[in-house]
Amino acid sequence: MYGSGKNKKSGEALVVTYGKILIFLVLVTMEVVLAVNSWENYMWILPLEAILTAENAVKIWGLRSYKPKIACYVLDTLILLLLTYFSDGKLISTMYMIILSEFYLSQEKLSGSIAMCACSIGLYLLTLGVSRAMQGEHVEVGAMVAGAFNDLVLLSLHFLIFNFAIQVYRKNQKITKTLEELNASNEKLRLAYNELQEVTALEERQRIAKDIHDTAGHSITTVIMQTEAAKLVIDSDPAAAKQKIAAANLQAKHALEELRESVHLLSGIGENATLRDTLLSIIHDSTDGTDLVIRSDIEDLTLSDAKSRFICNTLKEGISNGLRHGGATAFYFELHKEGNRVNFLLSDNGTGTDINSLKEGFGLTGMHARAESLGGSVYFETEPDEGFEIHLTLPADAAK
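The following refers to the structure shown. (Residues numbered from 1 in each chain as written. Predicted model: local features only at pLDDT ≥ 70, side-chain atom pairs only at ≥ 80, totals over all residues. Heavy atoms only, no water.)

### Topic: the overall build of the chain
Logical step 1: On a plain count of helices and strands, the chain comes out with 11 helices and 5 strands.
Logical step 2: Among the 400 residues that make up the chain, the fraction classed as buried is 38%.
Logical step 3: Looking at the chain alone, contacts between residues at least 24 apart form 70% of all its contacts between residues at least 6 apart.
Logical step 4: Accessible surface, the chain as shown: approximately 23000 Å² in total, 62% of it carbon and sulfur. (Helix = DSSP H or I, 4+ residues; strand = E, 2+ residues; numbered from the N terminus. Buried < 20%, exposed > 50% of the residue type's maximum accessible area, 1.4 Å probe, protein only. Contact = heavy atoms within 4.5 Å. Areas by Shrake-Rupley, 256 points an atom, 1.4 Å probe, with all protein chains shown as cover.)

Written out as structure tokens, the structure reads:
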């Protein structure tokens, strides 16, 4: 980007440099033509042209700012006045156009070129008048303007064409530079977007990996603990062992389902089932082959993937906890929308516990953190012999 901007700047400077060289060469050429056409006064014309040539060389290549050039433009006017006198006004308008070309080329603002053009036309007419007066002629302004009409038209046309070409060139340069800057900005945005996609994908993979570790890993650990506990009581208390094995079986099903969901997310395969269908599937898997009873009232809602996944995980965790810790045999699950909130309720008929002595383990603590990250909240209600309830509230997604 920076190299391109430098090239543009140097390219414009190159055009100005070549333009000044061309103007200077045309000036020298016209001085030769003027001297040939007025050879009878060469003793006066040649020194004046030499001064004009030297002065313009200094003005073009030796002076950078406008203020020091003012004296040069005054000297130009005086020399042109004398040349007008000694050449009888031949080619003077052309000399004016050449000197004006250098000014137009160096001037960045059009207003300055307009002012200079107007002053030059006035000075040209004044030069003609003074020259004729010096020759003893009677000067009539109307006749003089009429006689110089063609030259005045040429000066005006020269101003219009030269400045039009300069303005078009400069506007084209600005447009080109703007387009290059826009392309560079677009390229930066594209690279930033690609980098953001990579970072987002990495963060999502890390989140899924953590989810697998925290959720599925926790479930599998629980399965091992339940089966080990069942082994210890299988002879002394077969009913308790059966219940522990059933809880372990349910936990294993949930762990397998969570692993499948994580694999689907990592591979980019989306699930076509609705949230309601997925929740009903979890309930069916939990009751299939067991003595569990789960009643439900589920509204068909459309939520983001993150919220849907959290609701499903909370339902699985709640069922597993109720079965494992409370010995529950029946559950009631409800999901519905009220205003701009989604309400989740899962209650069981387990043993329950004193809410003040409730120790939140890995699963319940994770529910709090995840609910808060999604803009919601969760709380629990339980009493001894009164079961356990999970109340979850999440913000509903805006309708599309």
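Back to the write-up after that little detour.
### Some remarks on the pattern of salt bridges
Side chains carrying opposite charge are able to pair once their charged atoms draw close together.
Logical step 1: Applying the stated criterion across every chain, the model contains 5 salt bridges.
Logical step 2: Salt-bridge contacts for K59 lead to D76; the nearest nitrogen and oxygen are separated by 2.7 Å. Of this pair, K59 sits in helix α2 (residues 42-62) while D76 sits in helix α3 (residues 67-87), and the two are 17 residues apart along the sequence. Across this residue pair, the class does not change: K59 and D76 are buried.
Logical step 3: Of the charged contacts in the structure, one is a salt bridge between D397 and K307, with a shortest N-O distance of 2.7 Å. On the criterion of sequence distance, the pair formed by D397 in the segment after β5 (388-395) and K307 in helix α10 (residues 305-325) is long-range, its members being 90 residues apart.
Logical step 4: Overall, D397 belongs to the partly exposed group, its relative accessible area being 26%.
Logical step 5: With a relative accessible area of 9%, K307 lands in the buried category.
Logical step 6: The network of salt bridges with common partners includes E55, K59 and D76. (Salt bridge = Lys/Arg side-chain N within 4 Å of Asp/Glu carboxyl O.)

### Structural notes on the packing of helix α9 (residues 275-287) against α10
Logical step 1: In the contact formed by α9 and α10, the axes pass within 10 Å of each other and the chain directions differ by 20 degrees. With respect to α10, the element α9 is oriented roughly parallel. Handedness of the α9/α10 crossing: right-handed. Listed contacts from α10 to L275, T278, L279, I282, I283 and S286 of α9 are S308, I311, C312, L315, K316 and I319.
Logical step 2: Of the residues belonging to the contact of α9 with α10, the class tally is 8 nonpolar, 3 polar and 1 charged. (Axes fitted to C-alpha atoms, helices over the stretch in contact; angles between N-to-C directions. Parallel < 35°, antiparallel > 145°, perpendicular 65-115°, else oblique. Left-handed = near helix turned anticlockwise from the far one by under 90°. Nonpolar A, V, L, I, M, F, W, Y, C, P; charged D, E, K, R; others polar.)

### Details of unusual backbone geometry
Logical step 1: With a phi angle near 65 degrees, D385 is a residue other than glycine that sits in the positive phi range.
Logical step 2: Examined against the element boundaries, D385 turns out to sit in the loop between β4 (377-382) and β5.
Logical step 3: A relative accessible area of 66% places D385 in the exposed class.

### Description of the side chain of T278
Logical step 1: Residue placement: T278 occurs in helix α9.
Logical step 2: In terms of polar contacts, T278 uses its side chain to reach the backbone carbonyl oxygen of T274, at 2.9 Å.
Logical step 3: If we skip the residues at most four places from it in the chain, T278 touches A273 and C312. (Polar contact = N/O pair within 3.5 Å; in protein donor to acceptor, adjacent residues only side chain to side chain.)

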